[in-house]
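Summary of the model geometry
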Amino acid sequence: MSAGGDISDSIANSFATRLIRWQREHGRHHLPWQNTRDAYSIWLSEIMLQQTQVGTVIPYYRRFLQCFPDIQSLASAPLDEVMVQWSGLGYYSRARNLHKAAQRIVGEHGGIFPEEVAIIRQLPGIGRSTAAAIAVFAFGKRAAILDGNVKRILSRCFGIEGYPGEKQVEAQLWQKAEALLPKGDESPIERDIEGYTQALMDLGATICIRARPMCGSCPLRLECVAFRDNRAGSLPTPRPRKILPEREAVLLLAVAQGKILLEKRPSTGIWGALWSLPEMGMNENVIEYCLRFGINVRPMSQMEALTHTFTHFRLRIYPLILQVISRPPDHLTPEVLSQPRRPCVWRMPEDALKAAIPSPVRKVLLQYASQTEPLEIPAMTDN
Ligand code: SF4
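Notes on the structure follow. (Residues numbered from 1 in each chain as written. Predicted model: local features only at pLDDT ≥ 70, side-chain atom pairs only at ≥ 80, totals over all residues. Heavy atoms only, no water.)

Further remarks concern the overall build of the protein chain. Secondary structure assignment for the protein chain yields 15 helices and eight strands. The proportion of buried residues among the 383 residues of the protein chain is 48%. Considering only contacts in the protein chain between residues 6 or more positions apart, those separated by 24 or more positions represent 69%. Approximately 18,900 Å² of the protein chain is accessible, and the part contributed by carbon and sulfur atoms is 50%. (Helix = DSSP H or I, 4+ residues; strand = E, 2+ residues; numbered from the N terminus. Buried < 20%, exposed > 50% of the residue type's maximum accessible area, 1.4 Å probe, protein only. Contact = heavy atoms within 4.5 Å. Areas by Shrake-Rupley, 256 points an atom, 1.4 Å probe, with all protein chains shown as cover.)

If you want it as structure tokens, here you go:
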């Protein structure tokens, strides 16, 4: 397929027809969010599937829908409960935005999910491609999607060079995505906008995959530039390499009578609104730091360090186990604490693991819980 110029109707129709026919025979038809017109469940699946594989999403999706079966129940739930259901899926801003958007749908749209792409796009956490996917699957609208999978397919098919995250390249891809939409005037197959959209998703997930695409089984191979020129391995152009800065932090496992201190993170920033182990800078004095929580501690042992990669930096985490020597009964009240603090709670490790916690904290807690030698923690004085 040509990389430049406009796409003729015949190319668009052939592209769509091949994809739709392939999807009907080889695509996925029984995912839990398929075969419904319920915009809420389609929206939920689209958000969960951003950055997360289908296999991981399915159990979360089912549990989430059991807890919050509709927009109203999600909008009226406390954010904490929503975060608990999301815990482990990562990219937690998705859950916060989902909650915020549900409240906005109830407040501004009478609890009815809007149908128009332009209005859907105004909801928190919903970009152009996600809005289009919801509009297609829930309302049968004719709209183009361009998620990571589709960017990969189009870059390869049309031999489009350049990292798809760059504005110019992305604009070129959007142009192609729009131009390729089935025109919908000739035959029923060309009007199947849902089949077409699902086909792009399925092809990107199962055939035109990142590494070693299965071109031999691809319905687009006869027209694909990357297949013709043997360039599937180099397209799409990878993100320009940049060295991420590294930060370091100490995560504190303060243990009192088997329970661990958890602190709520602020609602913005990394791990926003999640429960976490208190985090301390590398050069801070741990005993003085813990006085802020009203507890006296004794450092016990350092656990194995781990690294967590965020979009803009890498965090090297040094977990430190502390024995709490004394903990006044009212130690978490603001009067005792030396400065206004975020909410804190004490939890048994197994209960902490059920809370809305970020994945590196989960790893630390699991590592702690799996220690073969139970910690010898002497009795604590409650004063
Ligand atoms: S022929 Fe290969 S590279 Fe081209 S779209 Fe199909 S799977 Fe992707």
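By the definition in use, this model includes ten aromatic pairs. A network of ring pairs unites the aromatic residues Phe15, Phe158 and Tyr196 as a single cluster. Across from the ring centre of Phe158, 5.3 Å away, lies the NZ or CZ of Lys176, which sits over that ring. The lysine or arginine in question, Arg247, covers the ring of Phe313, its NZ or CZ lying 3.8 Å from the ring centre. (Phe/Tyr/Trp six-rings, centres within 6.5 Å; stacked < 30°, edge-to-face > 60°. Lys NZ or Arg CZ within 6 Å of the ring centre and 35° of its normal.)

Using the criterion set out here, one finds two cavities of 30 Å³ or more in the structure. Estimates place the volume of the largest cavity at around 110 Å³. Breaking the lining of the largest cavity down by element, the ones donating at least two residues are α9 (148-157) and α12 (225-228). Its boundaries defined by the atoms lining it, the second largest cavity holds a volume of some 50 Å³. (1 Å grid on protein atoms, 1.4 Å probe; cavity = no way out; pocket = protein on both sides within 12 Å on 5 of 7 lines; lining within 4 Å. Points joined across faces, edges and corners; volume = space filled by probe spheres on them.)

Quick look at the packing of helix α5 (residues 79-86) against helix α6 (residues 93-109) now. Here α5 crosses α6 at 135°, and the two axes come no closer than 10 Å. Taken as axis vectors, α5 and α6 run oblique relative to one another. Crossing handedness for the pair α5 and α6: right-handed. Contact with α5, carried on its side by Leu79, Val82, Met83 and Trp86, involves Arg94, Ala95, Arg96, Leu98 and His99 of α6 and no other residues of that element. (Axes fitted to C-alpha atoms, helices over the stretch in contact; angles between N-to-C directions. Parallel < 35°, antiparallel > 145°, perpendicular 65-115°, else oblique. Left-handed = near helix turned anticlockwise from the far one by under 90°.)

This brings us to the nonpolar core. In terms of nonpolar packing, the biggest core is built from 104 residues, with Phe15, Trp43, Phe64, Trp86, Phe113 and Tyr196 touching the most fellow members. A per-element tally of this core places helix α8 (residues 128-139) first, with eight residues. The contacts of Trp43, once residues within four sequence positions are left out, are Leu98, Ala101, Ala102, Ile105, Phe113, Ile126 and Ile134. Of all hydrophobic cores here, the second largest spans 17 residues; its members include Val250, Leu261, Cys290 and Phe293. (Core = buried A, V, L, I, M, F, W, Y, C linked by side-chain atoms within 4.5 Å.)

So, about the environment of Ala273. Here Ala273 is to be found in the loop between β2 (259-264) and β3 (275-276). Separated by ten residues in sequence, Ala273 and Glu263 place their C-alpha atoms 9.8 Å apart.

Think of a ball as big as a water molecule: rolled over the atoms, this probe shows where empty space is left. The computed volume of the second largest pocket comes to approximately 590 Å³. Taken together, 20 residues make up the lining of the second largest pocket; nearest its centre are Tyr91, His308, Thr309, Phe310 and Thr311. Those elements giving two or more residues to the lining of the second largest pocket turn out to be α6, β6 (306-309) and α15 (359-369). Of the residues belonging to the lining of the second largest pocket, the class tally is nine nonpolar, ten polar and one charged. Mapped onto the domain boundaries, the lining of the second largest pocket takes at least three residues apiece from domain 1 (9-143 + 181-206) and domain 2 (246-369). (Nonpolar A, V, L, I, M, F, W, Y, C, P; charged D, E, K, R; others polar. Domains from an automatic or database assignment.)

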